[in-house]
Amino acid sequence: MKMRIIRAEHAGACYGVDRALSMVREAVERYGAPVYTLGPLIHNPTAVRELEAIGVFAIDSVASIDTGTLVIRSHGVEPSVIEEARVKGLRVIDATCPHVSKAHKSASRLTSEGYSVVVVGEAGHPEVDGICGYAGADCIVVSDAKSLPEHLPSEHIGVVVQTTQSEQTFDDVVKTLRDRVDDLKVFDTICFATQLRQKAAAQLAGNVDTMIVVGGRNSGNTRRLFEISSQECDNVHHVESADEIDPAWFSECASVGVTAGASTPESQIVAVLDRLEELS
């Protein structure tokens, strides 16, 4: 019997990623190579290698270059970084995802209103670092409700969330804080595209024998799709490319589902689907 291959209703590159890729390619056409990005433009090694081929290179800091075009990636940065680049005379193109910018504005608003900010997300993730740059000196980052410290920064707590976090994690943190503080102000800054992808992945994973999650291993939102899928399906595999697919995964498989992170270009998803068709 031919193996059924089902793609999740919502999967793959989101608006913010497509926008950033388009902006950096336009920068190369308009200003010429090299064009620099502050960190990899998106968390997808294959896409980053393709950008390098047209003259787009990731750097670690503004200090790494003295002239040229610098693209701020979709994850955003602290405001001081953009100011540093402009003072240095670099041409700055801000490709921060609009949903991430919303999180920046929410964190800034909470700070201006006197709230200490709790950021729900992955400490050290570039998006979270950027949000913290708008969230005041006493902000704290928590990965889940259990990570909340015994002593909070103040009695007035505001909450924002990394755009790619799961709703359940965010809800658990908010619920715990409601029991601990009287003055709580919450901004749900999870991206709608992330929510759609997570719900679609969970629904599909519960109805197939095997689940394939496509995307960079350094992509937080892709890893969360893997985690969510693993809660619904016992046979889940995270791959960055079609070349990683092992035929042995499907020896007794009647159906396979495919989802992909918000930083996974369509071409990579199609390659995986084509490979699965060859094996079906």
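Before any of the text, the structure's been laid out above.
All of these numbers come straight from a predicted model, not from anything done at the bench.

**Some remarks on helix α8 (residues 220–232)**
Spacing of three or four residues puts side chains on the same side of an α-helix, whose turn is 3.6 residues.
Part 1 of the argument: Over its 13 residues, α8 extends 19 Å from the first C-alpha to the last, a length consistent with the 18 Å expected when each residue adds 1.5 Å.
Part 2 of the argument: Taken together, the buried positions of α8 are Gly220, Asn221, Thr222, Arg224, Leu225, Ile228 and Ser229.
Part 3 of the argument: Against α7 (192–205), β10 (210–214), β11 (236–239) and β12 (255–260) lie the buried residues of α8.

**Overview of the nonpolar core**
Part 1 of the argument: Of all hydrophobic cores here, the largest spans 27 residues; its most connected members are Met211, Ile212, Phe250 and Val272.
Part 2 of the argument: Elements supplying a minimum of two residues to this core: α7, β10, β11, β12 and α9 (266–279).
Part 3 of the argument: Aside from chain neighbours lying at most four places away, what touches phenylalanine 250 is Met3, Thr210, Ile212, Ile245, Val256, Leu276 and Leu279.
Part 4 of the argument: Core analysis: the next-biggest nonpolar cluster, separate from the first, contains 21 residues, Ala13, Cys14, Leu41 and Ala47 among them.

**A short note on the state of the cysteines**
Think of a disulfide as a covalent bridge from one cysteine sulfur atom to another cysteine sulfur atom.
Part 1 of the argument: For the coordinates displayed, the defined rule picks out zero disulfides.
Part 2 of the argument: Left unpaired, cysteine 132 is separated from the closest cysteine sulfur, that of cysteine 139, by 3.7 Å.
Part 3 of the argument: Residue classification places cysteine 132 among the buried residues on the basis of a relative accessible area of 19%.

**A short note on the packing of aromatic side chains**
Part 1 of the argument: Scanning all chains against the criterion turns up one aromatic pair.
Part 2 of the argument: Ring centres of tryptophan 249 and phenylalanine 250 lie 6.1 Å apart, and the angle between their planes is 70°; on these two criteria the pair is classed as edge-to-face.
Part 3 of the argument: Positioned above the aromatic ring of tyrosine 31 is the side chain of arginine 91, whose terminal nitrogen or guanidinium carbon lies 3.9 Å from the ring centre.

**Details of the pattern of salt bridges**
Part 1 of the argument: Using the criterion set out here, one finds eleven salt bridges in the structure.
Part 2 of the argument: Lysine 88 is the partner of aspartate 66 in a salt bridge, and the nearest nitrogen-oxygen pair spans 3.5 Å. Of this pair, aspartate 66 sits in the loop between β3 (56–59) and β4 (69–72) while lysine 88 sits in the loop between α3 (79–87) and β5 (91–94), and the two are 22 residues apart along the sequence.
Part 3 of the argument: The partner of glutamate 113 in a salt bridge is arginine 109, with the nearest N and O atoms 3.1 Å apart.
Part 4 of the argument: Assessed through its relative accessible area of 37%, glutamate 113 is described here as partly exposed.
Part 5 of the argument: Given a relative accessible area of 41%, arginine 109 falls into the partly exposed group.

**Examining the sheet that holds β3**
Part 1 of the argument: In spatial order, the strands read β3-β2-β4-β5; together these four strands make up an open sheet with parallel pairing. The open sheet has two edge strands, β3 and β5, and neither has a second partner. In this sheet, adjacent strand axes meet at a mean angle of 30° when their direction is disregarded.
Part 2 of the argument: Pairing analysis gives four bridges linking strand β2 (residues 35–38) to β3, with the strands arranged parallel. What sits directly across from threonine 37, in β3, is alanine 58.
Part 3 of the argument: Across the sheet, helix α1 (residues 15–31) lies against β2, β3, β4 and β5, angled at about 155° from β5, the strand it touches most.
Part 4 of the argument: α3 rests against β2, β4 and β5 of the sheet, and its axis sits at about 150° to β5.

**Observations regarding the sheet that holds β12**
Part 1 of the argument: The four strands are arranged β1-β12-β10-β11 in an open sheet whose pairing can be described as parallel. Looking at which strands have only one partner, the edges of the open sheet turn out to be β1 (4–7) and β11. On average, adjacent strands in this sheet sit at an angle of 20° to one another, irrespective of strand direction.
Part 2 of the argument: The sheet contact formed by β10 and β11 spans four bridges and is parallel. Note on β11: the bridge partner recorded for isoleucine 212 is histidine 237.
Part 3 of the argument: In this fold α8 packs onto β10, β11 and β12, with an angle of close to 170° to the strand it touches most, β11.
Part 4 of the argument: Sitting on the sheet, α9 is in contact with β1, β10, β11 and β12, with an inclination near 165° to β1.

Criteria and thresholds
Residues numbered from 1 in each chain as written. Predicted model: local features only at pLDDT ≥ 70, side-chain atom pairs only at ≥ 80, totals over all residues. Heavy atoms only, no water. Helix = DSSP H or I, 4+ residues; strand = E, 2+ residues; numbered from the N terminus. Expected span 1.5 Å × (residues − 1). Buried < 20%, exposed > 50% of the residue type's maximum accessible area, 1.4 Å probe, protein only. Contact = heavy atoms within 4.5 Å. Core = buried A, V, L, I, M, F, W, Y, C linked by side-chain atoms within 4.5 Å. Disulfide = S-S within 2.5 Å. Phe/Tyr/Trp six-rings, centres within 6.5 Å; stacked < 30°, edge-to-face > 60°. Lys NZ or Arg CZ within 6 Å of the ring centre and 35° of its normal. Salt bridge = Lys/Arg side-chain N within 4 Å of Asp/Glu carboxyl O. Pairing = 2+ DSSP bridges. Axes fitted to C-alpha atoms, helices over the stretch in contact; angles between N-to-C directions.

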